[in-house]
Amino acid sequence: MSEQVAPPPSATPEQPHPAPQAPSAEQVPPGGQVPPPAEPETKKSGGKKALGIIGAIVVFVVIAGLKFGLASVIRNVFDKDATADAKVGDCIAELPKVLGTEEEEVDDAKIVDCTSTEAVYNVVGRVDGQTEAQAQAGTACEPFFKEGQDGYLFYSIEPGKTGYLLCLTEKA
């Protein structure tokens, strides 16, 4: 048995085409033309609807993040402060040297093993609950430095909040 597909009916009367079946009188609508078969309605599945809603939410969050600075909050969640857990006795890798009252922002400060060749500073003191002004004054670290010893300050404090201050000396 062979199957055949016939071309769609032509709208021009010059090309006759055979009708597969003659419709009965009750099936023919007024005007004598037979309507094409109705295509089944396609319904969205529940999964596609949910995916569309989730997509809209993601787009909204991205736009809100760009507009309201949520990108910095998200970045802070993923870029954890590598020195937040530093304690007395830990060592810190190389930091830029600043003199006097100079300050420099550092993005790559990290705790390293004190036997590592990367270890440059010893943590000799840690003071929590410091404001930015207190940290800049540097008086909180004075008890941790020996007389004649060069001391360095490292702090991580968000503006308007409190944070921690590390008192550092160069590793011998």
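Rules used throughout
Residues numbered from 1 in each chain as written. Predicted model: local features only at pLDDT ≥ 70, side-chain atom pairs only at ≥ 80, totals over all residues. Heavy atoms only, no water. Disulfide = S-S within 2.5 Å. Helix = DSSP H or I, 4+ residues; strand = E, 2+ residues; numbered from the N terminus. Buried < 20%, exposed > 50% of the residue type's maximum accessible area, 1.4 Å probe, protein only. Phe/Tyr/Trp six-rings, centres within 6.5 Å; stacked < 30°, edge-to-face > 60°. Lys NZ or Arg CZ within 6 Å of the ring centre and 35° of its normal. Core = buried A, V, L, I, M, F, W, Y, C linked by side-chain atoms within 4.5 Å. Contact = heavy atoms within 4.5 Å. Pairing = 2+ DSSP bridges. Salt bridge = Lys/Arg side-chain N within 4 Å of Asp/Glu carboxyl O.

Considering the state of the cysteines
On inspection of all chains with the given rule, the structure shows two disulfides. The disulfide partner of cysteine 91 is cysteine 114, and the gap between their sulfur atoms is 2.0 Å. Across the S-S bond of cysteine 91 and cysteine 114 the torsion is about 105°, and the bridge reads as right-handed. Here cysteine 114 lies in the loop between β2 (111–112) and β3 (119–130) and cysteine 91 lies in strand β1 (residues 91–93), a separation of 23 residues in the sequence. Looking at cysteine 91, the relative accessible area reads 0%, which means it is buried. The disulfide partner of cysteine 141 is cysteine 167, and the S-S distance across this bridge is 1.8 Å. What sets the handedness of the cysteine 141 and cysteine 167 disulfide is the S-S torsion sign, and at about -80° it is left-handed. Of this pair, cysteine 141 sits in the loop between α3 (132–137) and β4 (151–156) while cysteine 167 sits in strand β5 (residues 163–170), and the two are 26 residues apart along the sequence.

Quick look at the packing of aromatic side chains
For any two aromatic rings, the description comes down to two numbers: the centre-to-centre distance and the angle of the planes. Across all of its chains, the model carries one aromatic pair by this definition. Between tyrosine 121 and tyrosine 152, the aromatic rings sit 5.3 Å apart at their centres with planes inclined by 65°, giving edge-to-face as the arrangement. With tyrosine 121 in strand β3 and tyrosine 152 in strand β4, the pair connects residues that are 31 residues apart, well separated along the chain. Across the pair, exposure class does not vary: tyrosine 121 and tyrosine 152 are buried alike. The positively charged end of arginine 126 is found above the aromatic ring belonging to tyrosine 164, 4.4 Å away from the centroid.

Examining the nonpolar core
Among the nonpolar cores identified, the biggest contains twelve residues, and these are Ala86, Ile92, Leu95, Ala109, Val120, Tyr121, Val123, Tyr152, Phe154, Tyr164, Leu166 and Leu168. Elements that contribute at least two residues to this core include exactly β3, β4 and β5. Those residues in contact with phenylalanine 154, other than ones at most four positions away along the chain, are Thr83, Leu95, Val106, Ala109, Tyr164, Leu165, Leu166 and Leu168. Listed in part, the six residues of the second largest apolar core include Val127, Ala135, Cys141 and Cys167.

Structural notes on the side chain of threonine 169
Position of threonine 169 among the secondary structure elements: in strand β5. Dropping the residues within four chain positions of it, threonine 169 is found in contact with Val120, Tyr121, Asn122, Val124, Phe145, Gln149 and Asp150.

Some words on the environment of alanine 133
Relative to the assigned elements, alanine 133 resides in helix α3. Looking at alanine 133, the relative accessible area reads 55%, which means it is exposed. Through-space distance from the C-alpha of alanine 133 to that of proline 159 is 9.8 Å; in sequence the pair is 26 residues apart.

Quick notes on the sheet that holds β1
Spatial strand order, β2-β1-β3-β5-β4: five strands in an open sheet with antiparallel pairing. Each edge of the sheet is formed by a strand with only one pairing partner; in this case those strands are β2 and β4. Inspection of the sheet shows β1 paired to β2 by two bridges, in the antiparallel sense. The residue bridging isoleucine 92 from the neighbouring strand is isoleucine 111, located in β2.

Side note on the pairing of β4
Across six bridges, the pairing between β4 and β5 is antiparallel. Counted as the bridge partner of tyrosine 155 is leucine 165 from β5.

What to know about the pattern of salt bridges
Throughout the structure, instances matching the rule amount to four salt bridges. For lysine 87, the salt bridge goes to aspartate 90, with nearest N and O atoms at 3.6 Å. For aspartate 90, a relative accessible area of 16% corresponds to the buried category. Note that glutamate 158 is salt-bridged to lysine 161, the shortest N-O span being 3.7 Å.

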